[in-house]
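# What the coordinates show
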Amino acid sequence: MMPAHETYDVIVIGAGAGGMTAAAVAAAEGLRVLVIEKTAFVGGTTAWSGGMVWIPANAKMKEAGLSDSITDAVRYLSSTVPEPANAGLRAAFLARGPEAIAYLESNTEVRLQSVKAYPDYYPERLGATSGGRVLEPVAFDGTRLGQAFARLRAPLPEFTLFGGMMVNRLDIPHLRRVGKSLRSTLRAARLVSGYALQRLRSPRGTTLHLGNALAARLYASLLARQVEILFSADVEDLLMQGDRVGGVVIRHGSRDRLIAARRGVVLATGGFSHDAVLRKRFFPPSAGFVSATNIAGTGDGLRLAATANAALNTDATSPAYWVPASLFRRTDGSRGVFPHTVTDRAKPGVIAVNGAGRRFVNEALSYHEFVLAMLRDANGEPDRPFYLVCDRPFLWSYGLGRIKPFTRSVRCYVASGELIEAPDILELAAKIGIKPALLTATIAAYNDGAKEGRDPEFGRGSTIYQRHLGDAAHKPNPCVAPIHCAPFFAMRIYPADLGTAIGMNVDAQARVLREDGMPVAGLYACGNDMGSIMNGNYPGPGITLGPALTFGYIAGRHLAEGAAGSVAPRVATTSA
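Values in this document were obtained by computation on a predicted structure and should not be read as measured data.

A few words now on the side chain of threonine 129. Counting through the fold element by element, threonine 129 comes out in the loop between β4 (112-114) and β5 (134-137). Non-local contacts of threonine 129, meaning those with residues more than four positions away in its chain, are made with Asp68, Pro119 and Asp120.

Mapped onto this numbering, the UniProt entry gives "domain: FAD-dependent oxidoreductase 2 FAD-binding" (unreviewed entry) at residues 9-545. Taken end to end, residues 9-545 comprises 29% helix and 21% strand; its first and last C-alpha atoms sit 25 Å apart.

Of all hydrophobic cores here, the largest spans 168 residues; its most connected members are Ile11, Val33, Val248, Leu523 and Phe551. Examining the composition of this core, we find that nine residues originate from one element, helix α1 (residues 17-28), more than from any other. With near-sequence residues (within four places) excluded, valine 248 lies in contact with Ile11, Ile13, Ile36, Val235, Asp237, Leu238, Leu239, Arg257, Leu258, Ile259 and Val265.

This next bit is on helix α14 (residues 436-450). Taking 1.5 Å per residue as the helical rise, α14 with its 15 residues ought to reach 21 Å, and the 21 Å between its terminal C-alpha atoms agrees with that figure. Within the sequence span of α14, burial applies to Leu439, Thr442, Ile443, Tyr446, Asn447, Gly449 and Ala450. For α14, the angular spread of the buried residues around the axis is 165 degrees, confining them to a single face. Counted as exposed and oriented over 90 degrees from the buried face of α14: Ala437 and Asp448.

A separate point is the sheet that holds β4. Reading across from one edge, β3-β5-β4 is the order of the three strands in this open sheet, with antiparallel pairing throughout. Every interior strand has two partners, whereas the edge strands, β3 (53-54) and β4, have only one. Sheet topology places β3 next to β5; two bridges connect them, and they run antiparallel. The partner of valine 53 across the bridge, within β5, is leucine 135.

As a further point, take the packing of α1 against helix α7 (residues 210-224). Where α1 meets α7, the axes come as close as 9 Å, and the angle between the chain directions of the two elements is 30 degrees. It follows that α1 is roughly parallel to α7 by the angle criterion. α7 is crossed by α1, and the crossing has left-handed handedness. Residues Ala17, Met20, Thr21, Ala23 and Ala24 of α1 lie in contact with α7, whose contacting residues are Ala215, Leu218, Tyr219, Ser221 and Leu222. Residues that form the contact of α1 with α7 fall into these classes: eight nonpolar, two polar and no charged.

Along the chain, lysine 475 connects to proline 476 via a cis peptide bond; the corresponding omega equals 0 degrees. Its location among the elements puts proline 476 in the loop between α15 (464-469) and β19 (488-500). Residue alanine 486 is joined to proline 487 through a cis peptide bond whose omega torsion reads 0 degrees. Relative to the assigned elements, proline 487 resides in the loop between α15 and β19.

Here we take up the pairing of strand β11 (residues 255-267). Summarising burial for β11: ten of the 13 residues are buried, a large majority. Inspection of the sheet shows strand β1 (residues 7-13) paired to β11 by six bridges, in the parallel sense. In the strand pairing of β11, valine 12 is matched with valine 266. Examined bridge by bridge, strand β10 (residues 244-252) and β11 share six bridges and lie antiparallel to one another. Directly across from valine 248, in β11, lies its bridge partner isoleucine 259.

The next subject is the pairing of β1. Burial analysis of β1 places seven of its seven residues in the buried class, the great majority of the element. Summarising the sheet, β1 and strand β2 (residues 33-36) pair through four bridges and their orientation is parallel. Residue pairing for β2: valine 10 is matched across the bridge by valine 33. Tracing the backbone out of β1, into α1 and back to the parallel element β2 gives a crossover that is right-handed.

Cut-offs used in this document
Residues numbered from 1 in each chain as written. Predicted model: local features only at pLDDT ≥ 70, side-chain atom pairs only at ≥ 80, totals over all residues. Heavy atoms only, no water. Helix = DSSP H or I, 4+ residues; strand = E, 2+ residues; numbered from the N terminus. Contact = heavy atoms within 4.5 Å. UniProt positions renumbered as here; feature names shortened; annotations may be inferred. Core = buried A, V, L, I, M, F, W, Y, C linked by side-chain atoms within 4.5 Å. Buried < 20%, exposed > 50% of the residue type's maximum accessible area, 1.4 Å probe, protein only. Expected span 1.5 Å × (residues − 1). Arc of directions from axis to C-beta. Pairing = 2+ DSSP bridges. Axes fitted to C-alpha atoms, helices over the stretch in contact; angles between N-to-C directions. Parallel < 35°, antiparallel > 145°, perpendicular 65-115°, else oblique. Left-handed = near helix turned anticlockwise from the far one by under 90°. Nonpolar A, V, L, I, M, F, W, Y, C, P; charged D, E, K, R; others polar. Right-handed = clockwise from strand over helix to strand, strands pointing away.

So this is what it looks like as structure tokens:
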């Protein structure tokens, strides 16, 4: 279906978190908004994510009895993002992030809650907090979307149970204690029975959590404001009026159409994670071509902005946000990418080794730091192998990758090659191409300290962040346990990205800038189309969604102020 109008106040390209935020805010301010989405679904990578939103000094911290200040946040960022580049944008983010959250909660369907215990990723640094800066979406009932629920991108199946049941962070410990605790068993029973009822009327569970809940809440906000969304449409070009962006040229089906934007256009297409040319240009050779992001992120926003002489922000310590990932094939033949964020690496009884059979990193570091260690170890060598190694008790208790805890048979995973199994370490080493003596020595050295809960080589479990990701019930160190009970397992992991950090140069109003530092009139960017305000560093959970929501909000408000002008170019419709 084509758009109902030839002219809108605002056109947003991309229906991820940043784009939908900009659209929701502009619509809440009374503007006519069109969202153009190249896929058949809203949500982008956000719908697959944990949905964490990092906003220092947010009002919900105070409500929860937690203290924070912009001063402390500045101190923390000065050590975790030490580069001077984009300091002004970080200042704008810190100043307006709490304002953005307050506005969204007052004017849209977005509802967030404080995560009281989730430390910043470098808790030993000055200004760090042990929790509260992270906000998560409140659970959402998908049935509120009505028929539009089918347009919400589903979560990754590997992060659901029983073919479509989502659970939140607090449910997971209870699910692990089923049969051991009456309270946990009853809670699990309620979850499963509720899900069973939902499946009577829906192809998947309708109690939404994490990033799927955030995407649903933003989508509900657009529907409530009658924002038009054009699905399965490509934006082929920006419509220029002199030096000003005044609309877009879209291809929908077999027709080209020009659609004008009185106030401006927002680029929010999700970065370039799946564009081989841009990856080769900006990524290190050892990074490879694995991405945990939505496949629609092919650099559309960057290419469109380039036609308006926009400047690319390459001031990034890292060109992407990283995560170790394992690969597999689903039953439908599609390739799956499982991001090893927080479910397994920091738990007691697993180590990571390189192709020489040696440990190379503290496994409980943040996923971003973990991959930086992989890239350093690879030293530019493409396709260098890395593995997670564990024993049967670990696999049973914590799972590994997409293999869930308490999986009785792993035969299918072994048969597919996703999981390598052996009766002893010597044979496991041989199966993964590592000299048996080296892997044996590595595990023996690790086990010597692990018997006492120590990790002399890397200090695993030494910070509150690392211990937060471990198993609190395991003593004395929630992150360390020996690897000694056969059979033994290995799973290959790859450097993968969670999103690109290189994007357009913007100012504090989210306006895209030219090389001379002046704004491109009528053109805005947010999300991964906007250059990373953290310069590719990763200070805490939600530092991509926090800026995405904040600068989406800033763009929407600035567009509503009419600063971009209100003269729309004449439009025409052409056939291919």
